[in-house]
Amino acid sequence: MTNLLLTLCPPLPVVCPPLAMASLATYVRTRGYSVSLYDLNTRMAASASRVGLPGSFELGFLPRGVALREAWDDPYLDVWLPPRLHRLLQHFEAEIVSLIQELHRVQPAVVGFSIYRHNLVCTLEIARRIRAVSDRITLILGGPFLPGEFPIEMLDREVVDAFVACEGEQRLEHILARASTGGREAVRELTATNLILEQAPFQDLDKIPPLRYDGLDLSFYEPGKAHLITSRGCPHRCSFCTDRHYHGPFRSHSINNVLAQIQYLTEELGRTNLVIYDLTFNANPKRLAALCQGILDRGFQVSWDALVRVNTATTAELLTLMKKAGCHALMIGLESGSDTVLRRMNKGFTVAEARHMLRDAKRARIETRINLIVGFPGEEESHHLETIHFLETERSSLDAICVLSTYHLMPNSEVWHSRETLGLLPAKTHTFAWEGKDGNTLAVRLDRCEHIVGACMKLGIRIDNSSLGLIRNALEKEPSTS
Ligand code: SF4
């Protein structure tokens, strides 16, 4: 009998093997537990790709001309919610039955689901299907939700036995220990008064050895690509950000741990195209330099992209070293071309410093992509025009906008806590639909976004991702939102 089967339900990205699943599995294996991995999300996406265009429209859950596989894309994510979810899942009955057959085969004591905002409802549906065939298996959910914000009322206590908030490795170990001695009842005793279990953030990340994907069918993912994580948390305090709440204070793996991880990915799996998943890869520039030197010394032939922030310690020399060590592209959290807005966001850098870093990165032949947030509270038309001016003047040092998004008023961010002082009125429907008493409405923000899209088209700046499609889709269904 296996101790644990970890799975993922749609809709989640399918490019790289899932990091969180690998981290949980790698850690509990070192503690002596046996683990099976079964990525239902990727299997369903592969099945959807085989269907192609016809079918989805006739089944009534996607617009005409939209292929079933596009249900994983931003504008259509709400098909994974009732009332369309049930019709959609009928399309994937074979994959759901395969998961249940896998459970019969490996007989896990515990099944763990990784959940995120978009896959929560589908996960609960799959959990119900499993509970219908087994009242022996302990079913647990875990993911980046703070305990106070998790929609606990959605959980059916007869189906789900525990929910692990945020980092889960040690809590999972604890649950497995109880399940292996006292079965499902022992886990339910643990959560009798509170279904939500928390753990303090891991202080010594190296207690998690270099991640492995043993037992996962890697043929479902894009060849050659993988995520790499070298640190957790973030030392900064941008006022719009919620990530740092979910991921805790900044902690990092040792250089040796990261190099061992790269060795596994490149030499054992042949995955040399890496996306570094750290919130702020250059949070500690000295460590970043040591890691780049380690990659060069070990002769790893890798290409990598990473998310960074603007800071003056990321010098031209460091960027050159990063390029030599395989850096292909940097996603830079710029957010605005206005110093006034950057101050309000508490970004901790100036537009001049951002220009400097972009130009140094470009000179080092690194692809530069920036994130932009449009209509942050207090952004006036003149500030928006400063962002347009930034794009015009940095055209030669800027390759793309990685994410173009209107500002979302997110619970648990610092802006959220100051919303009354700032004169912000949250919307009941969507985080993007808030209004400012100063006239900062969704319509204003969408106009500014369109202005940026037009400017980028004129300047030849690529836009990789934008939240416009998702918002327009929501507005079509609920025009009153605007
Ligand atoms: S936006 Fe990035 S740099 Fe700022 S607090 Fe969040 S994770 Fe850290």
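Shown above is the structure to which this text applies.
If you're wondering where the values come from, they're calculated on a predicted model, not measured in any experiment.

Asker: Can you lay out the overall build of the protein chain for me, pointing to particular residues and giving the numbers?
Answerer: When its secondary structure is counted, the protein chain shows 18 helices and 17 strands. A compact globule built from 482 residues should have a C-alpha radius of gyration of about 23 Å, and the protein chain, at 23 Å, falls within 12% of that. A total of 482 residues make up the protein chain; the buried ones form 55% of that total. Restricting to contacts in the protein chain with at least 6 residues of sequence separation, those with at least 24 account for 76%. Just so you have it, the protein chain exposes about 20,300 Å², and 52% of that area is on carbon and sulfur atoms. If you average the places of the 52 positive and of the 55 negative side-chain charges in the protein chain, the two averages end up 2 Å apart.

Asker: Explain the sheet that holds strand β4 (residues 138-143) to me, using residue names and the numbers behind them.
Answerer: Read across the open sheet, the 6 strands follow the order β2-β1-β3-β4-β5-β6; overall the sheet is parallel. Among the strands making up the open sheet, the edge pair consists of β2 (35-38) and β6 (196-197). The strands touched by helix α6 (residues 120-133) within the sheet are β3 (110-114) and β4, with β4 carrying the most contacts at an inclination of about 170°.

Asker: Give a detailed account of the packing of helix α1 (residues 19-30) against helix α7 (residues 169-190), specifying residues and quantitative values.
Answerer: Look at α1 against α7: their axes get within 9 Å of each other, and the N-to-C directions meet at 55°. For the element pair α1 / α7, the angle class is oblique. Judged by the sense of rotation from one axis to the other, the crossing of α1 with α7 is right-handed. Listed contacts from α7 to Ser23, Leu24, Tyr27 and Val28 of α1 are Glu169, Gln170, Leu172, Glu173 and Leu176. For the contact of α1 with α7, the per-class residue count stands at 5 nonpolar, 2 polar and 2 charged.

Asker: Give me the lowdown on the sheet that holds strand β11 (residues 303-308), citing residues and values where you can.
Answerer: In a beta sheet, neighbouring strands are held together by backbone hydrogen bonds and run either parallel or antiparallel to one another. The strand order β7-β10-β11-β12-β13-β14-β17 describes an open sheet built from 7 strands, whose pairing is parallel. Of all the strands in the sheet, the pair left with one neighbour each is β7 (225-228) and β17 (462-466). Adjacent strand axes in the sheet meet at a mean angle of 20°, parallel and antiparallel pairs treated alike. With 5 bridges connecting them, strand β12 (residues 327-335) and strand β13 (residues 367-374) associate as parallel partners. Note on β13: the bridge partner recorded for Leu330 is Thr368. Sitting on the sheet, helix α9 (residues 255-268) is in contact with β7 and β10 (273-276), with an inclination near 165° to β7.

Asker: So what's going on with empty space enclosed by the protein? Residues and values would help.
Answerer: The full count for this structure, using the stated rule, is 2 cavities of 30 Å³ or more. What the largest cavity holds in volume is close to 90 Å³. Surrounding the largest cavity, 14 residues form its lining, Leu211, Ile229, His253, Asn257 and Gln261 being those nearest its centre. Secondary-structure elements contributing two or more residues to the lining of the largest cavity are α1, β7 and α9. For the lining of the largest cavity, the element with the highest residue contribution is α9, accounting for 3 residues. Taken together, the residues of the lining of the largest cavity break down into 8 nonpolar, 5 polar and 1 charged. Estimates place the volume of the second largest cavity at around 40 Å³. Residue lining of the second largest cavity: Glu335, Leu372, Ile373, Val374, Glu379, His384, Thr387 and Ile452, and that is the complete set. Looking at the lining of the second largest cavity, the elements that each hand over two or more residues are β13 and α14 (381-393).

Asker: Go over the pattern of salt bridges, please, and point to the residues and values.
Answerer: Here the structure, examined in full by the defined rule, presents 27 salt bridges. Its salt-bridge partner being Arg448, residue Glu379 comes within 3.0 Å of it at the nearest N-O pair. With Glu379 in the loop between β13 and α14 and Arg448 in helix α17 (residues 442-459), this residue pair connects regions lying 69 residues apart in the sequence. Glu379 gets classed as buried once you look at its relative accessible area, which sits at 5%. A relative accessible area of 7% places Arg448 in the buried class. Salt bridges sharing common partners tie together Asp305, Glu367, Arg369, Arg462 and Asp464.

Asker: So what about the packing of aromatic side chains? Which residues, and what values?
Answerer: Overall, the coordinates contain 8 aromatic pairs when judged by the stated rule. Between the aromatic rings of Trp72 and Trp80, the centroid separation amounts to 4.9 Å while the plane-to-plane angle is 75°, which identifies the pairing as edge-to-face. Judged by its relative accessible area of 9%, Trp72 falls in the buried class. For Trp80, a relative accessible area of 0% gives the class buried. Centre to centre, the rings of Phe240 and Phe376 are 6.5 Å apart; their planes meet at 80°, and the pair counts as edge-to-face. Highlighted residues: Phe240 in the loop between β8 (231-232) and α8 (243-247) and Phe376 in the loop between β13 and α14, separated in sequence by 136 residues. A residue is classified by how much of its surface remains accessible, and Phe376, at 2% relative accessible area, is buried.

Asker: Can you break down the site of the ligand residue by residue, with the values?
Answerer: Around the ligand, the structure places Cys234, His236, Cys238, Phe240, Cys241, Arg244, Leu279, Thr280 and Arg309. Tallied by class, the residues present in the shell around the ligand amount to 5 nonpolar, 2 polar and 2 charged.

Rules of the game
Residues numbered from 1 in each chain as written. Predicted model: local features only at pLDDT ≥ 70, side-chain atom pairs only at ≥ 80, totals over all residues. Heavy atoms only, no water. Helix = DSSP H or I, 4+ residues; strand = E, 2+ residues; numbered from the N terminus. Rg over C-alpha atoms; globule rule 2.2 N^0.38 Å. Buried < 20%, exposed > 50% of the residue type's maximum accessible area, 1.4 Å probe, protein only. Contact = heavy atoms within 4.5 Å. Areas by Shrake-Rupley, 256 points an atom, 1.4 Å probe, with all protein chains shown as cover. Lys, Arg positive; Asp, Glu negative; His and termini not counted. Charge placed at Lys NZ, Arg CZ, Asp CG, Glu CD. Pairing = 2+ DSSP bridges. Axes fitted to C-alpha atoms, helices over the stretch in contact; angles between N-to-C directions. Parallel < 35°, antiparallel > 145°, perpendicular 65-115°, else oblique. Left-handed = near helix turned anticlockwise from the far one by under 90°. Nonpolar A, V, L, I, M, F, W, Y, C, P; charged D, E, K, R; others polar. 1 Å grid on protein atoms, 1.4 Å probe; cavity = no way out; pocket = protein on both sides within 12 Å on 5 of 7 lines; lining within 4 Å. Points joined across faces, edges and corners; volume = space filled by probe spheres on them. Salt bridge = Lys/Arg side-chain N within 4 Å of Asp/Glu carboxyl O. Phe/Tyr/Trp six-rings, centres within 6.5 Å; stacked < 30°, edge-to-face > 60°. Near = heavy atom within 4 Å.

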